[in-house]
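# Structural characterization, general
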Amino acid sequence: GHILRRINKRVKLGFVSSEVRHLYSEDTGRPCIEPELVFRMWLLGYLYGMSEKRLCEEVLMHAGYRWFCGLDFNQTVPDRTTLVKLRRRWAEDGAFERVMQQVVSQCMAAGLVDGRSLAVDGTEVTANASVKSLEKIKPLVDLDEYLKRLGSEDDSGRKADDRKDDGNPGDPPRKAGDPEFRGEKFSNATHRSKTDADARLFRKGRGKETKLRYLVHDLVDLSSGVILEASASQANSKAERQQALSMLDTLLGTSIGDQIETLYADAGYAAGSFL
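Residues numbered from 1 in each chain as written. Predicted model: local features only at pLDDT ≥ 70, side-chain atom pairs only at ≥ 80, totals over all residues. Heavy atoms only, no water.

## Comments concerning the overall build of the protein chain
Secondary structure summary: the protein chain contains 9 helices and 7 strands in total. Taking all 275 residues of the protein chain together, 31% fall into the buried category. The long-range fraction of contacts in the protein chain, counting pairs at least 24 apart against all pairs at least 6 apart in sequence, stands at 64%. If you sum the accessible surface of the protein chain, you get close to 18,400 Å²; carbon and sulfur atoms cover 50% of it. (Helix = DSSP H or I, 4+ residues; strand = E, 2+ residues; numbered from the N terminus. Buried < 20%, exposed > 50% of the residue type's maximum accessible area, 1.4 Å probe, protein only. Contact = heavy atoms within 4.5 Å. Areas by Shrake-Rupley, 256 points an atom, 1.4 Å probe, with all protein chains shown as cover.)

This is the structure:
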């Protein structure tokens with residue numbers, strides 16, 4: 001009954017190699033690591049919330065993880081840097097979306113997916129970045145303004161209007177990482193994280209803490225719990241509705257599209273334009 005035994009029994013992942021074959025050279029370089037092995041390791045990392053570094057350490061020692069990956073106790077575990085490079089390369093090619101579509105197709109072929117009643121929702125994912133990493137956005141300056149500023153600077157590189165009679169230039173802006181930000185107001189319009197510029201300040205409801213976050217979105221078949229479509233986005237108030245429409249459009253091009261009768265969603269989707 002273990003989740004890894006159930007996945008191994010029900011989901012056939014032999015197709016993974018064919019999905020990414022064009023990303024590998026057939027006649028140059030070292031023999032590649034088997035793509036299905038790499039994907040199974042990523043799947044372990046997703047299921048158990050492990051980074052690539054932790055993942056490689058755990059697969060090295062964990063008999064159950066080795067079994068799931070098809071490794072015996074004498075075979076070498078792929079290196080972390082290899083997993084990182086492959087993940088980026090596969091992602092750029094859209095390989096993960098194609099693999100997911102293949103798995104959903106297997107669920108449909110097995111008769112699991114009803115397709116008449118779907119549910120959609122978005123979930124916050126906290127970015128791996130602290131509020132301390134926020135710093136003010138430097139506004140873009142056009143060429144004329146830039147030349148004007150250059151002309152106003154003295155030989156020391158300081159602006160003429162920055163010099164003060166008392167010799168005190170004023171407090172410099174807080175730098176990213178400085179924990180002292182009392183009285184400073186943050187917003188997505190004025191600040192960006194220095195460590196993760198794509199993350200956005202977001203909270204999903206009143207009284208909840210605002211953090212740097214992303215949103216992930218799932219479109220689910222209610223009869224089986226099978227996730228039919230998934231996506232990720234920056235965190236903003238419109239993202240859930242926009243992503244829901246995009247995922248539905250994708251489904252309309254499949255055999256499920258003609259079966260959809262009802263879509264369930266919470267109050268966050270109640271905007272008139274979405275309805």
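## Concerning the pairing of strand 1 (residues 117–126)
Strand direction decides the pairing type here: strand 1 and strand 7 (residues 262–264), joined by 3 bridges, are parallel. Paired with Leu118 across the two strands is Leu263, which belongs to strand 7. In terms of strand pairing, strand 1 meets strand 5 (residues 211–221) through 9 bridges, oriented antiparallel. Counted as the bridge partner of Gly122 is His217 from strand 5. (Pairing = 2+ DSSP bridges.)

## A closer look at the nonpolar core
In this structure, Met41, Leu44, Val59 and Trp90 are the most contacted members of the largest nonpolar core, which totals 29 residues. For this core, the elements supplying multiple residues, two or more each, are helix 1 (3–10), helix 2 (16–20), helix 3 (35–48), helix 4 (52–61), helix 5 (63–69), helix 6 (80–93) and helix 7 (95–109). If you tally residues by element for this core, the top one is helix 3, at 7 residues. When neighbours within four sequence positions are excluded, Leu44 is seen to be in contact with Leu4, Met50, Leu55, Val59, Tyr65, Phe68 and Cys69. The next biggest cluster of nonpolar side chains, apart from the first, holds 15 residues, and it includes Leu228, Leu251, Ile256 and Tyr269. (Core = buried A, V, L, I, M, F, W, Y, C linked by side-chain atoms within 4.5 Å.)

## Some words on the packing of helix 3 against helix 6
Remark: helix 3 packs on helix 6, axes separated minimally by 11 Å, with the N-to-C direction vectors making an angle of 95°. With respect to each other, helix 3 and helix 6 are oriented roughly perpendicular. Of the residues in helix 6, those in contact with Pro35, Val38, Phe39, Met41 and Trp42 of helix 3 are Leu83, Leu86, Arg87 and Trp90. Looking at the contact of helix 3 with helix 6 residue by residue, the class counts come to 8 nonpolar, no polar and 1 charged. (Axes fitted to C-alpha atoms, helices over the stretch in contact; angles between N-to-C directions. Parallel < 35°, antiparallel > 145°, perpendicular 65-115°, else oblique. Nonpolar A, V, L, I, M, F, W, Y, C, P; charged D, E, K, R; others polar.)

## Some remarks on the pairing of strand 5
Bridge analysis of strand 4 (residues 200–202) against strand 5 gives 3 bridges, and the strand direction is antiparallel. Bridging from a neighbouring strand, Arg200 pairs with Arg213 of strand 5. Pairing of strand 5 with strand 6 (residues 227–234) involves 7 bridges; the strand directions are antiparallel. In the strand pairing of strand 6, Asp218 is matched with Ala230. Connecting the antiparallel pair strand 5 and strand 6 is a turn made up of 5 residues, with Gly225 showing a positive phi of about 80°.

## Description of the confidence of the model for the protein chain
When pLDDT is averaged along the protein chain, the result is 86; 84% of the residues meet or exceed 70. Taken together, the stretch residues 155–168 has pLDDT below 50 and engages in 12 contacts with residues farther than four places along the chain or on a different chain. (pLDDT = per-residue confidence, 0-100.)

## Concerning helix 4
Every buried residue of helix 4 is listed here: Glu52, Leu55, Cys56 and Val59. Buried residues in helix 4, looked at end-on, bunch into an arc of 95°, giving them a common side. Opposite the buried face of helix 4, by more than 90 degrees, sit the exposed residues Lys53 and Met61. Close packing links the buried residues of helix 4 with helix 3, helix 5 and helix 6. (Arc of directions from axis to C-beta.)

## What to know about the side chain of Arg213
With respect to the helices and strands, Arg213 occurs in strand 5. Relative accessible area serves as the criterion here: at 9%, Arg213 is assigned to the buried category. For Arg213, the residues in contact, after removing those within four places along its chain, are Glu124, Val125, Thr126, Ala127, Ala199, Arg200, Phe202, Arg203 and Ala235.

## What about the packing of helix 6 against helix 7?
Where helix 6 contacts helix 7, the two axes come as close as 5 Å, and the packing angle between them is 75°. Classified by the angle between their axes, helix 6 and helix 7 sit roughly perpendicular to one another. Touching Arg87, Trp90, Ala91 and Asp93 of helix 6 are Ala95, Phe96 and Arg98, all from helix 7.

## Points about the pattern of salt bridges
Tallying each qualifying case throughout the model produces 8 salt bridges. For Glu19, the salt bridge identified is with Arg98, shortest N-O distance 2.9 Å. Of this pair, Glu19 sits in helix 2 while Arg98 is found in helix 7, placing the two residues 79 residues apart along the sequence. When its relative accessible area of 14% is taken as the criterion, Glu19 is described as buried. A salt bridge links Glu58 to Arg54; the nearest nitrogen and oxygen atoms lie 2.9 Å apart. Taken as a pair, Glu58 and Arg54 lie in helix 4 at a separation of 4 residues, close to a single helical turn. (Salt bridge = Lys/Arg side-chain N within 4 Å of Asp/Glu carboxyl O.)

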